[in-house]
Amino acid sequence: MLILKQHVWTWTRTLNVLMFSNKRDRNVLHTMCDWCSTFDSETLPDLVSQIRVKCSQPEESMERCQICEEDIPFKSIYNGCCKNGHTFSRCCLTLTTCQDMPPRRCSICDAVAATQQETDSPTMQGLLQSNCTWCGGNIM
């Protein structure tokens, strides 16, 4: 969990929100912010609110199920589930749901990761080249 916390902290602190050129990329940042909001910290709430204001309105950041178009609320770092029960694993790098199959996997712990073809953003390409945030292993 420490690797994930450092990963998210680094990306949310250093990225210019303008680098996120499309809704999918902004969803990644919002999902990271949702996870950061679960920590008791004096710095994170200010950072999270600044990012949310710059990206879009919070209601626009909700992930949607590709099967039924229902919202997928952020309740777990491991998976996301819509109200109709469609469940998807969460990417260990972006914390968004991996709805495009097949996802990549960590060579050590088998965590899932989004494919690099899911975005054309150079910022996201860099993020998706990181090692697994659960164990530090290589993503294949």
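Residues numbered from 1 in each chain as written. Predicted model: local features only at pLDDT ≥ 70, side-chain atom pairs only at ≥ 80, totals over all residues. Heavy atoms only, no water.

### Focus: the confidence of the model for the chain
This is how the line gets drawn: Per residue, pLDDT captures the predictor's confidence, and it can take any value from 0 to 100. What counts as a helix is a DSSP run of H or I of at least four residues, what counts as a strand is a run of E of at least two, and both are numbered from the N terminus.
Looking at the chain, pLDDT values average 78 and 68% of them are 70 or higher. Put simply, helix α3 (residues 43-55) is where the chain has its lowest mean pLDDT, 64, and strand β4 (residues 87-89) is where it has its highest, 95.

### Examining the environment of Ser121
On the secondary structure map, Ser121 appears in the loop between β6 (112-113) and α4 (122-127). Remark: the alpha-carbon pair of Ser121 and Arg24, spanning 97 residues in sequence, is separated by 9.8 Å.

### Comments concerning the side chain of Gln99
This is how it is decided: Nitrogen and oxygen atoms within 3.5 Å of one another constitute a polar contact, given that in protein one can donate a hydrogen and the other can accept it, and given that sequence-neighbouring residues count only through two side-chain atoms. Residue contacts are defined here by distance: any two heavy atoms, one from each residue, within 4.5 Å place the two residues in contact.
By secondary structure assignment, the location of Gln99 is in the loop between β4 and β5 (104-105). From its side chain, Gln99 meets the backbone oxygen of Arg64 in a polar contact 3.1 Å long. Sequence-distant contacts of Gln99, defined by excluding residues within four places in its chain, comprise Arg64, Cys65, Gln66, Ile72 and Phe88.

### Here we look at the side chain of Arg104
With respect to the element layout, Arg104 can be found in strand β5. Setting aside its immediate chain neighbours within four residues, Arg104 contacts Leu93, Ala111, Val112, Ala113, Ala114, Thr115, Gln116, Leu128, Ile139 and Met140.

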